[in-house]
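# Structural overview for review
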Amino acid sequence: MPPKRRKSARSSAGSEGRGKGTDKGHPEDIFPLVLTSTTQELFGCIADQDVTGESPYKLLQKDDIIQDIKRRATVSDFSPVKKIVLGYPEDEVLLVYDRDFTYNRAFYLVLTPEAKDRILNPPEPETPEVFETEVSKTPRPKHWISLGSEQEIEEKSVKETIKKLCYKFSRVRRKFGAPVCFSDRNTADAKDGFLECVSYQDSRFSIKQMQRDCGVQAVPRLRSSSAQTQWKFQRNIFTQYVPRELSDKEKENILQSESLKNFCNSVTPRVLHALQQQEIMNVFSDDWKDLGTGAEGSDWPGKVYQDLMLFQAFTDHKYTKDRKINSIHWHPTINGVIAVALTGKKGEQLIDSTTAVTRPSLILFYSFSDPSNPQLLLECPVDISAFEFCPSDPNIIVGGCVKGQVVLWDISAHVTHVQGAQPSATKVPVNTDTFGIVDHKETKTPVVQHCAMSSSEGCHKGPITDVQWLPPTFEVTRTGLPVENKNKISVQVVTCSLDCTLMFWDVRVQRLLNPSLSGRKQSMDPKTKPTPNSVPDTFRHLDRTWKPLFRVSLPKIDTSGEYIPLKFSLEHYICNDNNTDEATENENDLEVTPDYSQLRMSSAKTLRTLKDVNTKLYIGTVNGEIVYTDWKLEKDDFGRLLSAKPLHCFSIHPRSVNSVQRSPFFKDIILTTGGCNFAIWKEGVMDGPMLLSSRSEQDYTAACWSLSRPAVFFIGKRDGSIEVWNLLEKTSEPTQVQEHITNSMITCIKVCSTSSKQHLLAVSDDQGQVCVLEIPKTLYIPAKSESLNVKKYFELEEDNMKVVLKEEELCGKQKKEAEGLKKRTEPDKPTVKSLDLSKEEYMTEYGDFPSLNEHNLKNIGLWVATADTPDT
Amino acid sequence: MAEVDDTLKRIEAHKGVIGTIVVNADGIPIRTTLDNSTAVQYAGLLRNLTMMARSTVRDIDPQNDLTFLRIRSKKHEVLVAPENDFLLIVIQNPCE
């Protein structure tokens, strides 16, 4: 209630002054009144009904009083207070029912609002003094002094400016109490279901937001990062230490100690036990592995190849056209190089003598890295029919010509070229020639001329069929006596030719028996034109003056005439030198490649004779005979040196002997092939071959022992197929036959082992082609104790043969007698018989019988010369 | 001392024995028939190996212990006998 007390204070003062005059005995702000009953009814203050003693107060409206006064003028009870009421500040006047008549009237009117307030709200009676002290203790709130704050509050306070509208809704009265059914209804269903008061922007005014509350919070942003140091400078750190060692005194102390004794005692039995175990058996031997053969054990999961696989084929059409290959050799030291000798085919040589000039005979060197081009060509004016690498120096090659001459080459200048063409080398053309010969492999192959040729007087009269170096362990004098070889290198060559002789040649400078010869030789030196650079001077001393040391002729044993040798084989003597000083010296020499040009032949007297050299040779002849002869020259009755008669001769083969090969494992086992059979001989067993194969359909044309298996050898046939024989498996037929290795007759087979895993077989044929086949593992890995088994086999065969031959002798004697009788009676038959028999005998092991038969018939005089055995 | 010598000589005289070494707990050879550098090398290396072998055996079964160690190589066989902190090493050539 707005305090208008200030104003009222004045007005109340005024009203008080006016009220003073009327009555006394009552305070000034009270006016006692008498109210008639009608007035009481009008104002609703009937005594003892509306107002009672308990509630004597009644507030009357000022306007009502004024209206009453106006209406009833002087009659109204309120006339005496008319002025006061008019000047009453407030709207309501308090009328008090005075029941006790304290102021002598029934009612009294309170004139001032303060009094009204006082009466209505009488102040608290004064509390007794006991409580006063307590009350005074609690702090009494001070009177609020207005300092203007209520105005602010009034300003801020929200007041209703507009009177609230009041709406009253009620249902129709008759529906009161009726049952009601409520249901839901969507406001959108009915059109006027709802009334929307949308807010809209009133254009009359706009409120500008002057102040906006906003809050800010700082949030730290997280970012993770890492750092790693780089180990930029790696540094090796090492320490060197020295092993600790105990001094001798300390060692002594320890050795004396009890603990060591105990240790030794306890440990020794164990150790001895283990040592003994070790001795007794090999604990770690793999029985499973040993059980299987070598091939299975090493390469189990892979397919076991049985066949000879074609590895490479060499042809060079430029040089090999219309030529056949006579012999091939693997290069002894350089892996993967084959040398091949080409000769014109038989018919051609006679016809085309002119073309023979333009096409010189060659030995081609093939290398695995370049199959279609030969690496090196060795040239010779005459066709080469046989050649061999020198075992001590693979750069020296000796060759035998079809005219009977012996030729030497030295390829030391071109070795790098041949070597450079290794299979492992890259395909980049290599200009390695030291002589500066520009060499594009594809265009030009180096050609080496022969550096020495034998003199035309001293050479063979017929084509040379075989040439071999003597092993470096011994050499031969002019009489054929084997003497020690001081140089320990191969210096001598043996050749045989169709002129029924063997010749021994020496490569060194010959001791001159004839002074005239020496003069001639020396004068020849300045005279001879300087040879072109490509020909080395190694054998200059031999060129055109070379003569053989001596000759060995092969007279027939029983008849006149000579054997015509085709191939021969001599035993490689292994020197058992007791003289160690010499041996060491020579070893040193061997390491340096011997310079053949400086070698001088020593006098026979100074050299020691070697007694245990086997000077006998096995020779295969054109007629299929195997001749066993000694090359030493003997003095006959007249003191002339003549070669002895051959010791034995066996006619085993129907046609000429192609090869005589000694087994690389046994020095007395020889394999010979000729015609359609082959024979294995043991040296010392002179009754016949150990094994003679049965006739095959195709001719055997070449043979070769395997280098790693003592029981295996390869035979090539006329139709170009190869037979593999294994003596331990089957002796009557080959273990393997592989057809169509080449298209024509196989002329030569050679085995070579380039590495422990690779064994190769080189096969040459009639048409100038060389095939290299890879020998499968089964054929080159030897079986367990194979050599022992083979040895046993041969021994058995020997014994068998002796038994058989004894029987045959008996039979033979009987037959002789029978024949002798028959010949007198039937003169025709023996001829026929002899023919039949001579053919039949080849199938059996009666080596001697044909000759015996011959002998007999000749004696009787009924001998008819047959086509097989020539009689010159 | 003499006993020790005798026993060791017996072992050394056995067929195929190349050399023997007696090693102490620190891997230092005490007595050997080989030359010093070889002995030191063998001792050091085999000491470690024996310790490792021993710990392997004992890890698998703590009640167990290593009694003998045999190393067979292409060229020879090495026998090692550990006992009481000492080690006896014997090098033997195989019989075949």
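Residues numbered from 1 in each chain as written. Chains lettered and ligands numbered in written order. Predicted model: local features only at pLDDT ≥ 70, side-chain atom pairs only at ≥ 80, totals over all residues. Heavy atoms only, no water.

### A closer look at the sheet that holds strand β32 (residues 712–717) of chain A
All names here are of chain A. Applied cut-off: The pairing criterion for strands is at least two bridges between them, as found by DSSP. Counting from the N terminus, the helices are DSSP H or I runs at least four residues long and the strands are E runs at least two residues long. Geometry is summarised by axes, namely lines fitted to C-alpha atoms with helices restricted to the contacting stretch, and by angles between N-to-C directions that run from 0 to 180 degrees.
Taken together, the 4 strands give an open sheet; going across it, the order is β31-β32-β33-β34, and neighbouring strands pair in antiparallel fashion. The strands lining the two open edges of the sheet, one partner per strand, are β31 (700–705) and β34 (736–738). In this sheet, neighbouring strand axes are inclined to one another by 20 degrees on average, regardless of whether the strands run parallel or antiparallel. In terms of strand pairing, β32 meets strand β33 (residues 722–726) through 5 bridges, oriented antiparallel. By the bridge assignment for β33, V712 is matched with N726.

### Focus on the packing of aromatic side chains
Two aromatic rings, taken as a pair, are described by how far apart their centres are and by the angle between their planes. Residues and elements named next belong to chain A. What counts, and what does not: Planes of paired rings set the category: under 30 degrees apart is stacked, over 60 is edge-to-face and the rest tilted, where pairs are Phe, Tyr or Trp rings (Trp by its six-membered ring) whose centres lie within 6.5 Å. When a residue's accessible area, from a 1.4 Å probe over protein chains only, is under 20% of the maximum for its type it is buried; when over 50% it is exposed; and in between it is partly exposed.
Applying the stated criterion to the full structure yields 13 aromatic pairs over all chains. Centre to centre, the rings of F365 and F389 are 5.9 Å apart; their planes meet at 85 degrees, and the pair counts as edge-to-face. Separated by 24 residues along the polypeptide, F365 in strand β8 (residues 361–367) and F389 in strand β10 (residues 384–389) bring together distant segments of the chain. Each member of the pair, F365 as well as F389, is classed as buried. Plain terms: the ring middles of Y793 and F794 are 5.3 Å apart, the flat faces sit at 55 degrees to each other, and that makes the pair tilted. Judged on exposure class, the residue Y793 and its partner F794 are both buried.

### Quick look at the pairing of strand β37 (residues 770–775) of chain A
All names here are of chain A. The element β37 is extensively covered by neighbouring structure, given that 5 of its 6 residues are classed as buried. Note: strand β5 (residues 309–314) against β37, 5 bridges, orientation antiparallel. If you follow L310 over to β37, its bridge partner there is L773. Across 6 bridges, strand β36 (residues 758–765) lies against β37 in antiparallel orientation. From the neighbouring strand, L761 faces β37, where its bridge partner is L773. Two successive antiparallel strands, β36 and β37, enclose a turn made up of 4 residues, where G768 displays a positive phi of approximately 90 degrees.

### Some words on the confidence of the model for chain A
Rules: Scored between 0 and 100, pLDDT is the confidence that the predictor attaches to each residue. Residue contacts are defined here by distance: any two heavy atoms, one from each residue, within 4.5 Å place the two residues in contact.
Confidence in the prediction for chain A averages 73 pLDDT; 76% of positions are at 70 or higher. Counting interchain partners and residues more than four positions distant, the pLDDT-below-50 stretch residues 513–533 of chain A has 8 contacts.

### Brief notes about the interface of chain B and chain A
Cut-off, in case you're wondering: Simply put, the buried area is the total loss of 1.4 Å probe accessible area from both parts when two parts are fitted together. Here, a salt bridge means any side-chain nitrogen of Lys or Arg that lies within 4 Å of a carboxyl oxygen of Asp or Glu.
Facing the 37 residues of chain B at the interface are 30 residues of chain A. Across the interface of chain B and chain A, roughly 3,300 Å² is buried in total on both sides, 67% from carbon and sulfur atoms. Contact with chain A buries area across many residues of chain B, yet M1, I30 and R70 of chain B alone supply 18% of it, more than any other trio. Close ionic contact of R270 of chain A with E83 of chain B constitutes a salt bridge, the shortest N to O distance being 2.3 Å. Looking at the side of chain B that touches chain A, the elements with two or more residues in it are α1 (2–12), β1 (17–23), β2 (29–32), α2 (36–60), β3 (69–72), β4 (77–83) and β5 (86–92) of chain B.

### Describing the side chain of S569 of chain A
Residue and element names in this part refer to chain A. As a reminder, the rule being used: In protein, a polar contact requires one atom able to donate a hydrogen and another able to accept it; more generally it is a pair of N or O atoms within 3.5 Å, and residues adjacent in sequence count only if both atoms are side-chain atoms.
Position of S569 relative to the elements: it lies in strand β21 (residues 565–570). You can call S569 buried: its relative accessible area is 4%. Polar contacts involving the side chain of S569 include one to the side chain of R662, which spans 2.9 Å.

### Quick look at the sheet that holds strand β30 (residues 691–692) of chain A
Residues and elements named next belong to chain A. An order of β27-β28-β29-β30 is seen for the 4 strands of this open sheet, with the pairing classed as antiparallel. The sheet is open, and its two edges are formed by β27 (657–662) and β30, each paired on a single side. As judged from the 6 bridges shared by strand β28 (residues 669–674) and strand β29 (residues 677–682), these two strands associate in the antiparallel manner. Opposite I669, over in β29, you have K682 as the bridge partner.

### Re the confidence of the model for chain B
The predicted model of chain B has a mean per-residue pLDDT of 89, with 98% of residues at 70 or higher. Across chain B, α2 of chain B holds the top mean pLDDT of 92, while α1 of chain B sits lowest at 85.

### Some points on the side chain of H460 of chain A
Residues and elements named next belong to chain A. Looking at the element boundaries, H460 is found in the loop between β14 (452–453) and β15 (464–469). Relative accessible area serves as the criterion here: at 2%, H460 is assigned to the buried category. A polar side-chain atom of H460 sits 3.1 Å from a polar atom in the side chain of S497. Among the polar contacts listed, one links the side chain of H460 to the side chain of T501, at a separation of 3.3 Å. Beyond its immediate stretch of four places on either side in the chain, H460 contacts K403, G404, T495, C496, S497, D499, T501, L502 and M503.

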